[in-house]
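Below are the chains, spelled out letter by letter.
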Amino acid sequence: MKRIYADLHLCANLKDSERVSRIISKASRLGYRLIAITFPSNSTEEEIQKLRSICKEANIDLASRVDLKPKTPKELIYNLRKLRRRFEIIAVMCESKNVARQAAKDRRVDLLNFPSLDFRRRFFDLAEAELASNSLASLEINMKLLLTLEGPARIRLLSSLRRETAIAQEFHVPIVISSGVSDELLLRKPRELAALAFLFDLDETCAVEAVSKNPVAIVKRNREKLSPRFVAPGMRIIRRGKDY
Amino acid sequence: MKGIRRRYLALEIDAEEMFDSKEFMDAVWSAVSKLYGEYGASRAGLALIDYDMEKRFAVIRTTHTTLEMVRTALASITKIGNKPAAIHILTVSGTIKALYKKIKQ
């Protein structure tokens, strides 16, 4: 079966529809069949549908994504309750330890993202990985920083990523590699993103799964859950009818 | 002594502006040496085989042991001669003849 490649983090300015279309067609040309674009949390269903139709024309599947940047665990829980049924992917930008821990143990969170460059503020440690392995969260790595940083900052980032991916593999936390870019020239082919993952010692199989199998599994699982036929994991309505 | 096994990479240059082959190879050398140092770059055995800026196409040669290294370095290029650009690998082959055959297909 042909592998489906996915990029779950494209940051496009949704007001600039021409640029959004350009990014979508570029992603399609580079070999992606599934992309996720970050929407503001107050986006309407019409806005998502409009973008979905543009993606359909480019022969690419769109998943709606929202990025949460809560300051407290309470705020995270509130946002999850409000947004989980509206978006196919929920990513949490973990900027504090309390938020990171809450996000790792909450089964409504799909992606854990650690945007800070300061290694003291990247909270993906053994405890975080253990919590994430018991829930459904994956570790997301944005390649944008690897492309834009240079010198000591990139060296420090590579060192942090090497440690985090080793912990994630030890605890069987899925890794998702995304681009995280808003500029089409920074988009890379899926195999090129996987090649960049060699820089932090991710082997070829894991790197390719991080741009294909793992992100596709998240979207598939969430679409099933958001479907009106869904009852519980493993249970769905096949047909509605009278009791006999 | 065993001969060196080579790999030829067909590349697509993604950029709005034009640049010459020297600027292109400088960007490739610089990316390899930034990521792997001068020792790593010296092992790569990089050479430019073909360059056509009109068609945004280039062919480079490396050794088979450093292919992954070169792949990573090419993916990390964001500028050529201070102008925004990206390089995408179209195909890889062991001989120039097979490389052009693959591209035609």
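Let us look at helix α2 (residues 45–57) of chain A. The end-to-end C-alpha distance of α2(A) is 19 Å, a good match for the 18 Å that 13 residues give at a rise of 1.5 Å each. A positive backbone phi angle near 60 degrees is found at Asn59(A), which sits one or two residues after α2(A).

Another aspect to go through is the pairing of strand β4 (residues 89–93) of chain A. All names here are of chain A. Counting buried residues in β4 gives four out of five residues, a clear majority hidden from the surface. As judged from the four bridges shared by strand β3 (residues 61–68) and β4, these two strands associate in the parallel manner. By the bridge assignment for β4, Arg-65 is matched with Ile-89. As a crossover connection, the stretch from β3 through helix α3 (residues 73–83) into β4 is right-handed. As judged from the three bridges shared by β4 and strand β5 (residues 111–113), these two strands associate in the parallel manner. If you follow Met-93 over to β5, its bridge partner there is Asn-113.

With that out of the way, let us pick up unusual backbone geometry. All names here are of chain B. Its identity is not glycine, yet Arg-56 carries a phi of approximately 55 degrees, on the positive side. On the secondary structure map, Arg-56 appears in the loop between β2 (47–52) and β3 (57–63). For Asn-82, which is not glycine, the phi dihedral falls at a positive 65 degrees. When the 10 C-beta atoms within 10 Å are taken as the criterion, Asn-82 is described as exposed.

All names here are of chain A. On the basis of which strands lie adjacent, the open sheet formed by seven strands has the order β1-β2-β3-β4-β5-β6-β7 and parallel pairing. Where the open sheet ends on each side, the last strands, each with one partner, are β1 (6–10) and β7 (175–178). Each adjacent strand pair in this sheet contributes to an overall mean axis angle of 30 degrees, direction not counted.

Glancing now at the interface of chain A and chain B. Interfaces are often described in size by the accessible area the parts lose on coming together. With ten residues of chain A at the contact, the number on the chain B side is twelve residues. Of the residues forming the side of chain A that touches chain B, the biggest block, three residues, is contributed by helix α8 (residues 190–197) of chain A. Of the residues that constitute the side of chain A that touches chain B, the class distribution is seven nonpolar, no polar and three charged.

What follows covers the environment of Ile87(B). Residue and element names in this part refer to chain B. Residue position: Ile-87 is located in strand β6 (residues 86–93). Note: C-alpha distance between Ile-87 and Glu-12 (75 residues apart in sequence) is 5.8 Å. Once residues lying within four places of it in the same chain are set aside, the contact partners of Ile-87 are Leu-11, Ile-13, Leu-74 and Ile-77.

Residue and element names in this part refer to chain B. Spatially, four strands are ordered β2-β3-β1-β6 in an open sheet, and the strand pairing comes out antiparallel. Of all the strands in the sheet, the pair left with one neighbour each is β2 and β6. Here the strands of the sheet are splayed against their neighbours by 25 degrees on average, with no regard to which way each runs. Both strand β1 (residues 6–14) and β3 contribute to a ladder of seven bridges, which runs antiparallel.

Analysis parameters
- Residues numbered from 1 in each chain as written.
- Chains lettered and ligands numbered in written order.
- Predicted model: local features only at pLDDT ≥ 70, side-chain atom pairs only at ≥ 80, totals over all residues.
- Helix = DSSP H or I, 4+ residues; strand = E, 2+ residues; numbered from the N terminus.
- Expected span 1.5 Å × (residues − 1).
- Buried ≥ 20, exposed ≤ 12 C-beta atoms within 10 Å, placed from the backbone.
- Pairing = 2+ DSSP bridges.
- Right-handed = clockwise from strand over helix to strand, strands pointing away.
- Axes fitted to C-alpha atoms, helices over the stretch in contact; angles between N-to-C directions.
- Contact = placed C-beta atoms within 7 Å.
- Nonpolar A, V, L, I, M, F, W, Y, C, P; charged D, E, K, R; others polar.

Functional significance is not addressed by these values, which are geometric in nature.
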